[in-house]
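# Descriptive structure summary
Below, each chain spelled out in residue letters.
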Amino acid sequence: MAILKIARMGHPVLLQQCEPIADPTAPEIRRLARDMLETMEDATGAGLAAPQVHVPLRMFVFRVVAGRASEDPEDLSAHNEVLVNPEIEFLTDDRVLRWEGCLSIPGLRAAVPRAPRIRYRALNLDGQLVERVVSGFHAGVVQHENDHLDGILYPMRMQDFSLFGFTEELTRAAQAQFEAEQRAKAGQQ
């Protein structure tokens, strides 16, 4: 297994429409998936798409650790999933803002509108169909990673750039707002 180099925003591979994978059971696809999972874990990411490691194929890996999933029964936890040739169906016209980061855009985060509930279909590494209806964090991660396969980075989905910034600055601002609210509550008592 190997840690792969992650392409950063500005590299042309991240803007490509990726090619379908003819045989998800092929040894080179299994090897790529293993290396992508190792790379995702090393970078402490929630997901990683093949174009992010300079391979323009329709595959991504992801995980939803139990602490990230919500109380919603469709916000399923997932451990090191691999989806080949995925397709997404939005199950609502609604969109909710979801804070996202990206291994290809290090140090930045933004609030991105995403469908709160989706159905996805894909093949696994055994060539078998995987189909799930998911919501919450799980739905957001799948949409984010699937966008990479179509050459879309999350800033391209944004509608309000005031909700985009460096992670450190956003954290600092949120902490200051929290402290101000706590002081205001204490003053009312």
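Remember, predicted model here, so these are calculated numbers, not experimental data.

Turning next to the pairing of strand β6 (residues 117-123). Residues Ile 118, Tyr 120 and Ala 122 point to one face of β6 and are all buried, whereas Arg 117, Arg 119, Arg 121 and Leu 123, pointing to the other face, are not buried. Pairing of strand β3 (residues 78-90) with β6, which is carried by five bridges, proceeds in the antiparallel orientation. The residue bridging Phe 90 from the neighbouring strand is Ile 118, located in β6. One ladder, built from seven bridges, connects β6 with strand β7 (residues 129-135); its direction is antiparallel. Following the sheet pairing, Arg 121 is matched in β7 by Glu 131. Connecting the antiparallel pair β6 and β7 is a turn made up of five residues, with Gly 127 showing a positive phi of about 80°.

This paragraph deals with the sheet that holds strand β1 (residues 47-49). With antiparallel pairing, five strands are arranged side by side in an open sheet as β1-β2-β3-β6-β7. The open sheet has two edge strands, β1 and β7, and neither has a second partner. Neighbour to neighbour, the strand axes of the sheet diverge by 40° on average, direction disregarded. Packed onto the sheet, helix α1 (residues 27-42) meets β1, β2 (59-64) and β3 and runs at close to 40° relative to β2. Those strands touched by helix α2 (residues 136-149) are β1, β2, β3, β6 and β7, and its axis lies near 160° from that of β2.

All right, on to the packing of aromatic side chains then. Counted under the stated rule, the structure contains four aromatic pairs. With centroids separated by 6.2 Å and ring planes inclined at 85°, the aromatic side chains of Tyr 154 and Phe 164 adopt a geometry described as edge-to-face. Within this pair, whereas Tyr 154 is found in the loop between α2 and β8 (164-166), its partner Phe 164 is found in strand β8, the two being separated by ten residues in sequence. Look at Phe 164 and you get partly exposed, because its relative accessible area is 27%. Measuring from centroid to centroid gives 6.0 Å for Phe 161 and Phe 164, while their planes differ by 75°, and the two rings are edge-to-face. A connected cluster of aromatic rings, assembled from ring pairs, spans Phe 60, Phe 62 and Tyr 120.

Turning to α2, a few remarks are in order. Side chains of residues three or four places apart in an α-helix project in the same direction, reflecting 3.6 residues per turn. In this model α2 runs 21 Å from its N-terminal to its C-terminal C-alpha over 14 residues, within 8% of the 20 Å that 1.5 Å per residue would give. In terms of burial, α2 is largely enclosed, as 13 of its 14 residues are buried. A positive backbone phi angle near 75° is found at Gly 151, which sits one or two residues after α2.

Once that is clear, we can look at the environment of Glu 89. Relative to the assigned elements, Glu 89 resides in strand β3. Through-space distance from the C-alpha of Glu 89 to that of Pro 113 is 16 Å; in sequence the pair is 24 residues apart. Polar contacts involving the side chain of Glu 89 include one to the side chain of Arg 121, which spans 3.3 Å.

Now for the side chain of Thr 39. Mapped onto the elements, Thr 39 comes out in helix α1. Of the residues examined, Thr 39 reaches a relative accessible area of 2% and is grouped as buried. A polar side-chain atom of Thr 39 sits 2.7 Å from the main-chain carbonyl oxygen of Asp 35. With residues near it in sequence (within four places) discarded, Thr 39 still touches Ala 2, Ile 3, Leu 4, Ile 6 and Leu 48.

Within the secondary structure, Asn 85 is located in strand β3. A polar side-chain atom of Asn 85 sits 2.8 Å from the main-chain amide nitrogen of Ile 21. Sequence-distant contacts of Asn 85, that is, excluding residues within four places in its chain, are made with Pro 20, Ile 21, Arg 58, Arg 121, Ala 122 and Leu 123.

Here is what the cut-offs are and how they apply
- Residues numbered from 1 in each chain as written.
- Predicted model: local features only at pLDDT ≥ 70, side-chain atom pairs only at ≥ 80, totals over all residues.
- Heavy atoms only, no water.
- Buried < 20%, exposed > 50% of the residue type's maximum accessible area, 1.4 Å probe, protein only.
- Helix = DSSP H or I, 4+ residues; strand = E, 2+ residues; numbered from the N terminus.
- Pairing = 2+ DSSP bridges.
- Axes fitted to C-alpha atoms, helices over the stretch in contact; angles between N-to-C directions.
- Contact = heavy atoms within 4.5 Å.
- Phe/Tyr/Trp six-rings, centres within 6.5 Å; stacked < 30°, edge-to-face > 60°.
- Expected span 1.5 Å × (residues − 1).
- Polar contact = N/O pair within 3.5 Å; in protein donor to acceptor, adjacent residues only side chain to side chain.

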